[in-house]
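Geometric and topological summary
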Amino acid sequence: MSGLSVFGTWARRGAVTAAAVMLAGVGLAPSAQASVSQGGIYGSGVVTDDWGDEGPLSTTSNSHNIVVGLWQSILIADGYLPGGSADCYFGPNTKAATIRWQEARNLGADGIVGSLTFGRADNNLYWVGSEIRYDGRDLNLYNMHRTSSGRWYADGGGSTVYFSYTSTNGCP
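In what follows, the accompanying structure is described. (Residues numbered from 1 in each chain as written. Predicted model: local features only at pLDDT ≥ 70, side-chain atom pairs only at ≥ 80, totals over all residues. Heavy atoms only, no water.)

**Quick notes on the overall build of the protein chain**
- The helix and strand inventory of the protein chain stands at 4 helices and 6 strands.
- Listed by position from the N terminus, the elements making up the protein chain come as β-α-α-α-α-β-β-β-β-β.
- A burial count over the protein chain gives 50% of its 172 residues as buried.
- Restricting to contacts in the protein chain with at least 6 residues of sequence separation, those with at least 24 account for 59%.
- A total accessible area of about 7200 Å² is found for the protein chain, and carbon and sulfur atoms account for 50% of it. (Helix = DSSP H or I, 4+ residues; strand = E, 2+ residues; numbered from the N terminus. Buried < 20%, exposed > 50% of the residue type's maximum accessible area, 1.4 Å probe, protein only. Contact = heavy atoms within 4.5 Å. Areas by Shrake-Rupley, 256 points an atom, 1.4 Å probe, with all protein chains shown as cover.)

Quick look at the structure:
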């Protein structure tokens, strides 16, 4: 399986290669304590519990931001959206892909990305050195990191983009 920067799922329209997710951090700190109220994705300790308190994302809640772009990258990596289709808008295509993703994992298939859906996705995160990757069905996501304070960001192409619920900085 090949890899593609999370930026590549946005910038490379029609990309067929894989993407990987990276985070920086050390050790087994307390579990993640984050939420939309913090304005972005935060985590600590093991990465497989960083996203379980995130969301919601839907067509009516937090529907246009860089976190939606991250979720779309996951859907691309798992084969539910075509490569290069991440646009940071949670529209009807993202909702339909989310429902299919949820159904495949026996989750409540409502098309809303809440804590259960994000929590299931973070089971596919793993460390490679100071990088965290997402092990997708079709592609691996990479170039994502975590600051010492736990804030998630993507780093690639000379740009750093923080995963924020209030910003579209870094969206195509």
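**Some thoughts on the pattern of salt bridges**
- Enumeration over the complete set of coordinates arrives at 4 salt bridges.
- In this structure, R146 and D50 form a salt bridge, with 2.6 Å as the shortest nitrogen-oxygen distance. Here the residue R146 occupies a position in strand β4 (residues 140-146), and D50 occupies one in the loop between α1 (8-11) and α2 (66-77), the gap between them amounting to 96 residues. (Salt bridge = Lys/Arg side-chain N within 4 Å of Asp/Glu carboxyl O.)

**Some thoughts on the nonpolar core**
- If you look at the biggest cluster of nonpolar residues, it comprises 37 residues, and the most contacted ones within it are W51, L57, W71, I74, W101, Y134 and F163.
- For this core, the secondary structure elements donating two or more residues are α2, α3 (92-104), α4 (115-121), β3 (131-135), β4 and β5 (152-156).
- Tallying contributions element by element places α2 first for this core, with 9 residues.
- Setting aside residues no more than four positions away along its own chain, L57 makes contact with N62, N65, V67, V68, W71, F90, G111, I112, V113, F118 and Y165. (Core = buried A, V, L, I, M, F, W, Y, C linked by side-chain atoms within 4.5 Å.)

**Some remarks on the pairing of strand β2 (residues 125-128)**
- With 4 bridges joining them, β2 and β3 adopt antiparallel strand pairing. The partner of V128 across the bridge, within β3, is E131.
- In textbook terms, the turn of a hairpin is the stretch between consecutive antiparallel strands, and for β2 and β3 this stretch comprises 2 residues, one of which, G129, has a positive phi near 60 degrees. (Pairing = 2+ DSSP bridges.)

**Considerations on α3**
- Counted at 1.5 Å a residue, the expected span for α3 with its 13 residues is 18 Å, and the 18 Å between its end C-alpha atoms agrees.
- The complete set of buried residues in α3 reads T94, A97, T98, W101 and Q102. Down the axis of α3, the sector holding all buried residues measures 140 degrees, keeping them to one side. When the buried face of α3 is taken as reference, the exposed residues oriented beyond 90 degrees from it are P92 and N93.
- Check the buried side of α3 and you find it contacts α2, α4 and β3.
- Note on α3: the residue one or two positions beyond its end, N106, has a positive phi of about 55 degrees. (Expected span 1.5 Å × (residues − 1). Arc of directions from axis to C-beta.)

**Overview of the environment of N143**
- As for its placement among the helices and strands, N143 is situated in strand β4.
- According to the relative accessible area criterion, N143 is buried, its value standing at 15%.
- Residues N143 and R133 lie 10 residues apart in sequence; the distance between their C-alpha atoms is 7.6 Å.

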